[in-house]
Amino acid sequence: MTIRSVVFDMGRVLVHFSHDRMFEAMGEVCGSTGQQIRDWLWDSGLQQRFERGEIDSEAVREELERCAGCAIDQDALMHAASDIFTLNEPLLPLIDRLKEAGYRLVVLSNTCPPHVEWITRHWDVLERFDACVFSYEVRAMKPEPEIYRVAVAESGCEAEECFFVDDLAENVEAARREGMCGAVFVGVEPLRVALIDAGVAAACESG
């Protein structure tokens with residue numbers, strides 16, 4: 001079946017980021033170490049609950065206040081949690097060629113509202129897409145099947161007509177189980193080759 005839609009992960013595909021940078025910066029705001037923030041936010045499952053849409057940013061702050069034993073400024077905390085991204089600029093020309101060629105473009109990401117707001121405020125990359133599927137909005141996370149089904153519905157195509165790009169092999173494998181094609185993102189040129197192999201003509205142009 002012909003590919004009609006390309007579905008992109010956001011983190012480590014559209015944008016690069018560093019969890020360690022996030023933990024250290026949040027630790028400075030909380031008067032704690034980066035390792036403590038990792039324990040309280042990540043290892044505890046608090047961030048996952050945030051990305052599932054089960055709690056909001058104020059609930060995250062309240063839990064970190066409880067753990068740290070001090071008051072935490074909400075705006076400073078969310079700034080520290082979000083000032084971790086850099087745009088993957090070499091990927092943009094390929095995205096633009098796909099758009100110009102008429103492929104429907106969808107973002108599919110496990111993320112939270114402050115991260116989306118930060119990326120939207122700093123770059124126009126998400127404006128290039130026809131639809132965005134975020135875990136906190138659909139209450140499901142990759143590699144769970146439900147979130148891929150939402151992405152396919154947003155594509156307006158059959159699953160077999162969707163090509164999925166993600167930096168994690170387990171997420172690509174889950175997409176394939178839902179009938180999608182896909183490739184693990186390791187760089188722009190390998191992605192271009194994978195798209196060509198899948199019959200996506202717009203990827204044939206380089207540069």
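Residues numbered from 1 in each chain as written. Predicted model: local features only at pLDDT ≥ 70, side-chain atom pairs only at ≥ 80, totals over all residues. Heavy atoms only, no water.

Trainee: Would you mind going over the side chain of Arg 128 in detail, with residue names and values included?
Mentor: Here Arg 128 is to be found in the loop between helix H7 (113-122) and strand E5 (131-134). There is a polar contact of 2.7 Å between the side chain of Arg 128 and the side chain of Asp 96. Apart from the residues within four sequence positions on either side, Arg 128 is in contact with Leu 92, Ile 95, Asp 96, Lys 99 and Leu 105. (Helix = DSSP H or I, 4+ residues; strand = E, 2+ residues; numbered from the N terminus. Polar contact = N/O pair within 3.5 Å; in protein donor to acceptor, adjacent residues only side chain to side chain. Contact = heavy atoms within 4.5 Å.)

Trainee: Tell me about the pattern of salt bridges, residues and numbers included.
Mentor: This structure, assessed with the given rule, holds 15 salt bridges. Note that Lys 142 is salt-bridged to Asp 166, the shortest N-O span being 2.7 Å. Taken together, the positions of Lys 142 in the loop between helix H8 (135-138) and helix H9 (145-155) and Asp 166 in strand E6 (residues 162-166) put the pair 24 residues apart, joining distant regions of the chain. For Asp 166, a relative accessible area of 0% puts it in the buried group. If you follow the salt bridges from partner to partner, you end up with Asp 9, Lys 142 and Asp 166 in one network. (Salt bridge = Lys/Arg side-chain N within 4 Å of Asp/Glu carboxyl O. Buried < 20%, exposed > 50% of the residue type's maximum accessible area, 1.4 Å probe, protein only.)

Trainee: For the sheet that holds E5, give the residues involved together with the corresponding values.
Mentor: The strand order across the open sheet built from five strands is E5-E4-E1-E6-E7, with neighbouring strands paired in parallel fashion. Looking at which strands have only one partner, the edges of the open sheet turn out to be E5 and strand E7 (181-184). If you compare each strand with its neighbour and ignore which way they point, the axes differ by 20° on average. Of the strand pairs in this sheet, strand E4 (residues 104-109) and E5 are connected by four bridges, and their pairing is parallel. From the neighbouring strand, Val 107 faces E5, where its bridge partner is Cys 132. Sheet strands in contact with helix H10 (residues 169-177) are E6 and E7, and its direction is about 175° off that of E7. (Pairing = 2+ DSSP bridges. Axes fitted to C-alpha atoms, helices over the stretch in contact; angles between N-to-C directions.)

Trainee: Could you give an account of the nonpolar core, with specific residues and numbers?
Mentor: Counting 55 residues, the largest nonpolar core has Phe 8, Leu 14 and Leu 98 as its most contacted members. Apart from the residues within four sequence positions on either side, Phe 8 is in contact with Val 13, Leu 14, Leu 91, Ile 95, Leu 98, Leu 105, Val 106, Val 107, Leu 108, Phe 129, Val 165 and Leu 191. With 18 residues, the next largest nonpolar core counts Val 7, Ala 131, Cys 162 and Ala 174 among its residues. (Core = buried A, V, L, I, M, F, W, Y, C linked by side-chain atoms within 4.5 Å.)

Trainee: Which residues make up unusual backbone geometry, and what values go with them?
Mentor: Geometrically, the link from Lys 142 to Pro 143 is a cis peptide bond, its omega value of 10° lying close to zero. Positionally, Pro 143 belongs in the loop between H8 and H9. Unlike most non-glycine residues, Arg 12 shows phi in positive territory, near 65°. Mapped onto the elements, Arg 12 comes out in the loop between strand E1 (5-8) and strand E2 (15-17). Notably, Arg 139 is not glycine yet its phi reads approximately 60°, a positive angle. For Arg 139, the location among the structural elements is in the loop between H8 and H9. A relative accessible area of 55% means that Arg 139 is categorised as exposed.

Trainee: Run through the environment of Ser 135, naming residues and quoting values.
Mentor: Considering the arrangement of structural elements, one finds Ser 135 in helix H8. Its relative accessible area of 0% is what places Ser 135 among the buried residues. Separated by 25 residues in the primary sequence, Ser 135 and Asn 110 place their C-alpha atoms 4.8 Å from one another. With residues near it in sequence (within four places) discarded, Ser 135 still touches Glu 51, Arg 52, Ser 109, Asn 110, Thr 111, Ala 140, Met 141 and Ile 147.

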